[in-house]
Structures are given as structure tokens and as C-alpha cells.
Amino acid sequence: MRIVGKGNNRAEFGSIAKFGSSINASVIKPLWDRFSVKMSGYNSFVMQNKGVFLADGSFDSAKLITSMGKLGATVIGDSIYEPTSNSVTLSWSPTPEGSYQLATDKAYIVIVDSAGVVLATRSGLDLRSSAAITFTVAENTTPAPVVHAYLAFAREDGSIVGDSTHKVITA
């Protein structure tokens, strides 16, 4: 059992709150707001992700959930990270795998470095049927040897969202 003092709770909460603020408009509002009960989507996101950022500043990338829903998860396929050009290529199956999934579902992507700093978001611009995309992450960052990709899909009208998946991508 881990005993956490008030200072540690503040540090952990501050870290997830800062992270949530950086993806609020691009990911939390479209994927959480509509489905949250008795609180905002932002607060639901923060509550769901307690413990992802620890008081010592570490980030447990496997625990981060960027979306939860009926569509189920879509596995991230072969992916490439090129730190010299600050580009990431993500791929996934273009074929709907679950009973709710459609080829027209829109992708929501978050790219994070190993410290939990958001390098890029891409929101609703790409269809499941596109199967892969390449985009640029923040150019003002020092290239990291590893990035973490989070992928979720939502129905075009936002009425159904899917679970997020995570993949570690090494340069």
C-alpha cells in the first residue's frame, strides 16, 4: 500500500490537470464531454487518469486513457518515429473490427514524450479507412528517443466513441 501525503496528491493532481488542459479542446471535449455524468468531461478525464503522473514527476504511459467507449479499441499497427524530422507515422487496420465500428469513424491521436509532455494531437481529421497517417510533432522540442502514441476513434457525429490504445514508438 502506498501512502501519499497532501503534497504528493497536489503534485500528482497538478501534473494530470496540466496534461488534461493541453488536450482539452482537441481530445477531451469531443471524446469525454458528451458522455460524462454529474461532472465535466475534463473532470471525468482527470478522475479516470489519477495515478498516471506521480509526485516524483514520472509518467506511467501504460495507464493513460485518452478515451473510453462502445466502439472498442483499435490496435495501432506498425508505426515510425523520425526524431530528426519530428514526424510520426501511425497505422491501423482500415477494416472495422467490432460490431459498432465504421470505416467513416474519425481518429483522435495524442503523441506524448516519455516525460508526459504532449508533442502533438490530431483530432477527427482522419478516417479509419485511411489506415495510416504521417504528421509532424512539435518542432520546438528536443527530439526524444521514444514517443507514446494514443489512438481512439469516434463516430463522425460524435455519438459513439471508442477505447484508446497505446503504443510505444522507438526512433
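Definitions and cut-offs
Residues numbered from 1 in each chain as written. Predicted model: local features only at pLDDT ≥ 70, side-chain atom pairs only at ≥ 80, totals over all residues. Heavy atoms only, no water. Buried < 20%, exposed > 50% of the residue type's maximum accessible area, 1.4 Å probe, protein only. Helix = DSSP H or I, 4+ residues; strand = E, 2+ residues; numbered from the N terminus. Pairing = 2+ DSSP bridges. Axes fitted to C-alpha atoms, helices over the stretch in contact; angles between N-to-C directions. Core = buried A, V, L, I, M, F, W, Y, C linked by side-chain atoms within 4.5 Å. Contact = heavy atoms within 4.5 Å.

## Observations regarding the pairing of strand 3 (residues 106–113)
- The element strand 3 is largely enclosed, with a buried count of 7 among its 8 residues.
- Note that strand 3 and strand 4 (residues 118–127) share 6 bridges and pair antiparallel. Across the sheet, residue V112 finds its bridge partner in strand 4, namely V118.
- Hairpin connection of strand 3 to strand 4: 4 residues between the antiparallel strands, including G116 at a positive phi of 90°.
- Here 8 bridges tie strand 3 to strand 6 (residues 146–154), and the two strands are oriented antiparallel to one another. The residue bridging V112 from the neighbouring strand is H148, located in strand 6.

## Here's the deal with the sheet that holds strand 2 (residues 87–91)
- Read from one edge of the open sheet, 3 strands run 1-2-5, paired in antiparallel fashion. Looking at which strands have only one partner, the edges of the open sheet turn out to be strand 1 (80–82) and strand 5 (132–136). Taking the axes of each pair of neighbouring strands and ignoring which way they run, one obtains an average angle of 10° across the sheet.
- Of the pairings in the sheet, the one linking strand 1 to strand 2 comprises 3 bridges and is antiparallel in character. Note that in strand 2 the partner of E82 across the bridge is S87.

## Some details on the pairing of strand 5
- Across the two faces of strand 5 the burial differs, with I133 and F135 buried and A132, T134 and T136 not buried at all.
- Two strands pair when backbone bridges link them, and strand 2 and strand 5 are joined in this way by 5 bridges, in the antiparallel orientation. Bridge pairing links L90 to I133 in strand 5.

## Remarks on the nonpolar core
- Among the nonpolar cores identified, the biggest contains 21 residues, and V88, L90, W92, I109, I111, L151 and I169 are the most heavily contacted of them.
- Here the element with the most residues in this core is strand 6; it accounts for 4 residues.
- If sequence neighbours within four positions are ignored, L151 has contacts with T74, I76, W92, A107, Y108, I109, D163, S164 and T165.
- Residues I16, F59, Y108 and A154 belong to the second largest nonpolar core, which totals 20 residues.

## Let's talk about the sheet that holds strand 4
- One open sheet accounts for 4 strands, arranged 4-3-6-7; its pairing is antiparallel. A single partner strand is all that each edge strand has here, and the edge strands are strand 4 and strand 7 (165–170). Each neighbouring strand pair of the sheet contributes to a mean axis angle of 20°, computed without reference to strand direction.

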